[in-house]
Amino acid sequence: VFEDDVSPEEDFIPRFWRLVTQDLPCDWQAVSLYSRCPFGTCISPHLTRVQPDVNEPAWRCHHGVNYGFQGIVYRTDEIRNLQRVWKPVVFD
């Protein structure tokens, strides 16, 4: 899923395929295709497992990092599991 103003580079498909076949962990559910200032744990040379920034107060929903949303890829068989986790948090 891309934002309407995104234009992937010509080599997007081979680079993305390399990411899927070489970098993604077996348990992946979603991959952000762009993150500015990501906070989390490095899991491969090209990926960070994004987590809430515990340095930011909870009342601000740990806001302050992980900016950017140019595109995202969902693992279709994991969407329901992902929704079960984020819906109670996002729509509280």
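Reading the values: rules and limits
- Here the residue numbering is sequential within each chain, running from 1 through the sequence in written order.
- Confidence filtering applies because this is a predicted model: local features only for residues at pLDDT of at least 70, side-chain atom pairs given and counted only at 80 or more, and all residues used for totals across whole chains, interfaces and linings.
- Side-chain metrics rest on all non-hydrogen atoms present in the structure, leaving aside hydrogens and water.
- Secondary structure is summarised from DSSP: a helix means a run of H or I of at least four residues, a strand means a run of E of at least two, and numbering begins at the N terminus for each.
- Buried, partly exposed and exposed residues are distinguished by accessible area as a fraction of the type maximum, computed with a 1.4 Å probe on protein chains only: under 20%, between the cut-offs, and over 50%, respectively.
- Working rule for helices: expected span equals 1.5 Å times residues minus one.
- To define a nonpolar core, start from buried Ala, Val, Leu, Ile, Met, Phe, Trp, Tyr and Cys residues and group those joined through side-chain atoms within 4.5 Å.
- Contacts: residue pairs with any heavy atoms within 4.5 Å of one another.
- Residues scored as positive are Lys and Arg, those scored as negative are Asp and Glu, and His as well as the terminal groups of each chain are ignored.
- The term salt bridge refers to a side-chain nitrogen of Lys or Arg lying within 4 Å of a carboxyl oxygen of Asp or Glu.
- Whenever a nitrogen or oxygen atom comes within 3.5 Å of another N or O atom, the pair is scored as a polar contact, on the condition that within protein one atom can donate a hydrogen and the other can accept it, and that pairs from neighbouring residues in sequence are kept only if both atoms are in side chains.
- When DSSP finds at least two bridges between two strands, those strands are taken to pair.

Caption draft 1: Summary view of the overall build of the chain. Counting secondary structure elements, the chain contains two helices and four strands. Mapped from its N terminus to its C terminus, the chain presents α and β elements in the order α-β-β-β-β-α. Considering only C-alpha atoms, the chain reaches an extent of 40 × 30 × 30 Å along its principal axes. Within the chain, buried positions represent 14% of all 92 residues.

Caption draft 2: Representation of helix 2 (residues 79-90) in the model. For helix 2, spanning twelve residues, the distance from its first C-alpha to its last is 15 Å, which sits close to the expected 16 Å at 1.5 Å a residue. For helix 2, the buried fraction is low: one of the twelve residues fall into the buried class.

Caption draft 3: Up close: the nonpolar core. Formed by Phe16, Leu19, Leu24, Trp28, Val31, Leu47 and Val73, the largest nonpolar core amounts to seven residues. Setting aside residues up to four positions removed in sequence, Val73 forms contacts with Phe16, Trp28, Gln29, Ala30, Val31 and Leu33.

Caption draft 4: A look at the side chain of Asp23. Within the secondary structure layout, Asp23 lies in helix 1 (residues 12-23). Although Asp23 is buried, it makes no salt bridge; Arg18 carries the closest opposite charge, 5.0 Å away. At 2.9 Å, the side chain of Asp23 forms a polar contact with the side chain of His46. Non-local contacts of Asp23, meaning those with residues more than four positions away in its chain, are made with Arg18, Ser44, Pro45, His46 and Leu47.

Caption draft 5: Representation of the pattern of salt bridges in the model. The full count for this structure, using the stated rule, is three salt bridges. Here Arg49 ties to Asp27 by a salt bridge, and the two come within 3.6 Å at their closest N and O atoms. Here Asp27 lies in the loop between helix 1 and strand 1 (30-32) and Arg49 lies in strand 3 (residues 47-50), a separation of 22 residues in the sequence. Here Arg49 falls in the partly exposed class, since its relative accessible area comes to 37%.

Caption draft 6: The pairing of strand 3, seen in detail. Where strand 2 (residues 40-44) meets strand 3, four bridges bridge the pair, whose relative direction is antiparallel. In the sheet register, Cys42 faces strand 3, and the bridge partner there is Thr48. In sequence, strand 2 turns back onto strand 3 through a hairpin of two residues.

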